[in-house]
Amino acid sequence: MTELFLFKKPVIRYRGVMIRISALAFYCAMSLTAPSFAAAKPAQNQAPAAVGLPSYAVVAPQVIGAPLIVDARIRSAVRIKGAEAADVAPDRARFYIEADVLALIRGATAVPPRIGYVADVPLGERGRAPKLKKQRVLLFARPVASRPDQVQLTGLDSQRIHSPELDMLVRGVTREVLAAEAPPAITRVGNAFHVPGTLPGEGETQIFLQTENNQPVSLQILRRPGEQPRWSVSLGDIVDDSARPPLPDTLLWYRLACGLPSELPAGSIESDEGTNAAIAREDYAFVLRALGPCV
């Protein structure tokens, strides 16, 4: 087997043959456990995802945190052992992988037909390393400076086995994320207040949210006597009377369900009147229940 790079270190053994991997690839391997942009601030109300096709709430942060999303087929996979894999989790194995690019789903510039990267992949039954060659995968990655043929995965699960369903989900989320009107990330809850109506049981709660790009986002909860509360979300300075709750498994739903704290912060409530403050808290909890868990 020929040398992969001209650098002399580090060196791995593959089928009795010493293979030299560039210091850049080694750096990528050592950086696999570093938190990605998407994982820097995990949602407080997020629960473990089910096995199988990952949920919208799992895929969305991967898409958001990946400047490159690549549909590729693995051409070769060389297992990295020894000191270069000392920090790998017991249920995973580290590989240097070369893959042929089938499609670029997200990326500011083109990528070469073949790319290399390091991945810590889950072991199979009885701790056996999986057979990766010829697998079709979706990669969530970032480019490597001055090395267009190398990418760095954004996290441990940023190599996923391709399926038509996953491909459709990833492309759909990508379109939402890149849209000009994409809803921003929620950074904190701002002011919240409840205004009672003229009739008993009538009133409106408004909750203003602060966002990553300072775009105004607000929640409105309307109460009418003898009716279930109704809520909506507005994007912009003006409260939209025609606004509705977000549809499940959309980027706006994800921003709210996975970005809002589990309860209304005490410092957000403007009213000094105990009843109005209590209703504002109830209405916030109602919104969280309507959104459902971040799974």
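Above: the structure in question.
### Some words on the pattern of salt bridges
In this structure the tally under the stated criterion is 10 salt bridges. Across the pair Asp 157 and Arg 92 runs a salt bridge, and its minimum N-O distance is 2.8 Å. Taken together, the residues span a long stretch of sequence, with Asp 157 in the loop between strand E7 (147–153) and strand E8 (159–161) and Arg 92 in strand E4 (residues 92–106) at a distance of 65 residues. Exposure remark for Asp 157: the relative accessible area of 40% places this residue in the partly exposed category. For Arg 92, a relative accessible area of 14% corresponds to the buried category. For Glu 282, the salt bridge identified is with Arg 223, shortest N-O distance 3.3 Å. Placement of Glu 282 in helix H5 (residues 274–291) and of Arg 223 in strand E11 (residues 217–223) is noted, with a sequence separation of 59 residues between them. Exposure remark for Glu 282: the relative accessible area of 45% places this residue in the partly exposed category.

### Topic: the pairing of strand E10 (residues 203–211)
With eight bridges connecting them, strand E9 (residues 186–196) and E10 associate as antiparallel partners. In the sheet register, Arg 188 faces E10, and the bridge partner there is Gln 210. Connecting E9 to the antiparallel partner E10 that follows it, the hairpin turn spans six residues, and Gly 201 within it adopts a positive phi of roughly 85°. Here E10 pairs with E11 via seven bridges, running antiparallel. Within E11, the position partnered with Glu 204 by the bridge is Leu 222. The loop that links E10 with its antiparallel partner E11 comprises five residues; one of these, Asn 214, has a positive phi angle of about 65°.

### So, the state of the cysteines
Note on terminology: a disulfide is the covalent bond linking the sulfur atoms of two cysteines. In this structure the tally under the stated criterion is one disulfide. Disulfide partner of Cys 258: Cys 294, at an S-S distance of 1.9 Å. Classification of the bridge connecting Cys 258 and Cys 294 rests on its S-S torsion, roughly 95°, and on that basis the disulfide is right-handed. Of the two residues, Cys 258 sits in the loop between helix H4 (251–257) and H5 while Cys 294 sits in the segment after H5, which places them 36 residues apart along the sequence. The same class applies to Cys 258 and to Cys 294, which are both buried.

### Overview of the sheet that holds E10
Read from one edge to the other, the open sheet built from four strands follows the order E9-E10-E11-E12, with strand pairing classed as antiparallel. A single partner strand is all that each edge strand has here, and the edge strands are E9 and strand E12 (230–235). The average angle at which neighbouring strand axes cross in this sheet is 15°, direction not considered. The strands that H5 touches are E9, E10, E11 and E12; relative to E11, the one it contacts most, it runs at about 105°.

### Here's the deal with the pairing of strand E6 (residues 136–144)
Taken residue by residue, a regular strand's side chains alternate between the two faces of the sheet. The sheet contact formed by strand E3 (residues 68–80) and E6 spans six bridges and is antiparallel. Paired with Leu 68 across the two strands is Ala 141, which belongs to E6. Here E6 runs beside E8; their pairing, made up of three bridges, is antiparallel. Its bridge partner lying in E8, Leu 138 is registered against Arg 160. As paired strands, E6 and E7 are joined by four bridges and run antiparallel to one another.

### Things to note about the side chain of Ser 234
Note that Ser 234 resides in strand E12. A residue is classified by how much of its surface remains accessible, and Ser 234, at 2% relative accessible area, is buried. Here Gln 220 takes part through its side chain, which lies 3.2 Å from a polar atom of the side chain of Ser 234. With residues near it in sequence (within four places) discarded, Ser 234 still touches Pro 216, Val 217, Ser 218, Gln 220, Val 239, Asp 240 and Ala 243.

### Quick look at H5
Over its 18 residues, H5 extends 26 Å from the first C-alpha to the last, a length consistent with the 26 Å expected when each residue adds 1.5 Å. Taken residue by residue, H5 has Asn 276, Ala 277, Ile 279, Ala 280, Asp 283, Tyr 284, Phe 286, Val 287, Leu 288 and Leu 291 as its buried positions. Phi turns positive, to about 85°, at Gly 292, one or two residues after H5.

### Some words on unusual backbone geometry
Backbone geometry places Lys 134, a non-glycine residue, at a positive phi of 75°. Assignment of secondary structure puts Lys 134 in the loop between strand E5 (114–122) and E6.

### Looking at the packing of helix H2 (residues 56–64) against helix H3 (residues 164–178)
As a packed pair, H2 and H3 sit with axes 9 Å apart at the nearest point and diverge in direction by 55°. With respect to H3, the element H2 is oriented oblique. Here H2 runs over H3; the crossing is right-handed. Contacts between H2 and H3 involve Tyr 56, Val 59, Ala 60, Val 63 and Ile 64 from the former and Leu 166, Leu 169, Val 170, Val 173, Thr 174, Glu 176 and Val 177 from the latter.

About the thresholds
- Residues numbered from 1 in each chain as written.
- Predicted model: local features only at pLDDT ≥ 70, side-chain atom pairs only at ≥ 80, totals over all residues.
- Heavy atoms only, no water.
- Salt bridge = Lys/Arg side-chain N within 4 Å of Asp/Glu carboxyl O.
- Helix = DSSP H or I, 4+ residues; strand = E, 2+ residues; numbered from the N terminus.
- Buried < 20%, exposed > 50% of the residue type's maximum accessible area, 1.4 Å probe, protein only.
- Pairing = 2+ DSSP bridges.
- Disulfide = S-S within 2.5 Å.
- Axes fitted to C-alpha atoms, helices over the stretch in contact; angles between N-to-C directions.
- Contact = heavy atoms within 4.5 Å.
- Polar contact = N/O pair within 3.5 Å; in protein donor to acceptor, adjacent residues only side chain to side chain.
- Expected span 1.5 Å × (residues − 1).
- Parallel < 35°, antiparallel > 145°, perpendicular 65-115°, else oblique.
- Left-handed = near helix turned anticlockwise from the far one by under 90°.

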